[in-house]
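Residue-level structure breakdown
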Amino acid sequence: MQVYRKSTNTGTKYCLQYNLDLIASGSADSTVRVWNHQGLCLHVLLQHIGIVRCLQLNRSRLITGGDRKKIVVWDAEHGKLCNVVHRHPTLLHLMWADDMRLVTASPDAPGTLTVLSFW
């Protein structure tokens, strides 16, 4: 077993996802970083203002959510912006996505689930 330890984002890490090829992390410094499994940072993705609290990595599609109710869709393999949803109806703390929909969970009382289908 090999262990890699890297200094990652400059802020506290709030979320992490990985697949067979990539690792994605989101942090308090508003950045999303995409890594390979050897610890090399491939892309620094800038679009959020505030903490990046959740993300979902499906193959090369990366969906990120932050404090400002903003959802961003990326091509993680190439580090390219695909789409931005500026005004999600609630705060974002958890998300799950498949090929048909995006489901988000919010801490807003009494707790909110939102289902989006836009790709």
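The paragraphs below set out a description of the structure included in this document.

About the criteria used
Residues numbered from 1 in each chain as written. Predicted model: local features only at pLDDT ≥ 70, side-chain atom pairs only at ≥ 80, totals over all residues. Heavy atoms only, no water. Pairing = 2+ DSSP bridges. Helix = DSSP H or I, 4+ residues; strand = E, 2+ residues; numbered from the N terminus. Axes fitted to C-alpha atoms, helices over the stretch in contact; angles between N-to-C directions. Core = buried A, V, L, I, M, F, W, Y, C linked by side-chain atoms within 4.5 Å. Buried < 20%, exposed > 50% of the residue type's maximum accessible area, 1.4 Å probe, protein only. Contact = heavy atoms within 4.5 Å.

Our focus in this paragraph is the sheet that holds strand β8 (residues 80-85). Across a sheet, paired strands are connected by hydrogen bonds in the backbone, their directions being either parallel or antiparallel. A sheet is described by the order of its strands in space; here four strands give the open sequence β5-β6-β7-β8, paired in antiparallel fashion. Two strands bound the open sheet, and with one partner strand each, they are β5 (52-58) and β8. With direction set aside, neighbouring strand axes in the sheet form an average angle of 20 degrees. For β5 and strand β6 (residues 61-66), the ladder comprises six bridges, and the chain directions are antiparallel. Note on β6: the bridge partner recorded for Leu 55 is Thr 64.

For the rest of this paragraph, the subject is the nonpolar core. The biggest cluster of nonpolar side chains holds 14 residues, and the ones touching the most others in it are Val 32, Val 34, Leu 45, Leu 55, Leu 62 and Ala 76. Put simply, the parts of the chain that give this core at least two residues each are β3 (31-35), β5 and β7 (71-75). Apart from residues lying up to four places away in sequence, Val 34 is in contact with Leu 22, Ile 23, Leu 40, Cys 41, Leu 42, His 43, Leu 45, Leu 62 and Ala 76. If you look at the next biggest cluster of nonpolar residues, it comprises eight residues, including Ile 71, Val 73, Ala 97 and Leu 102.

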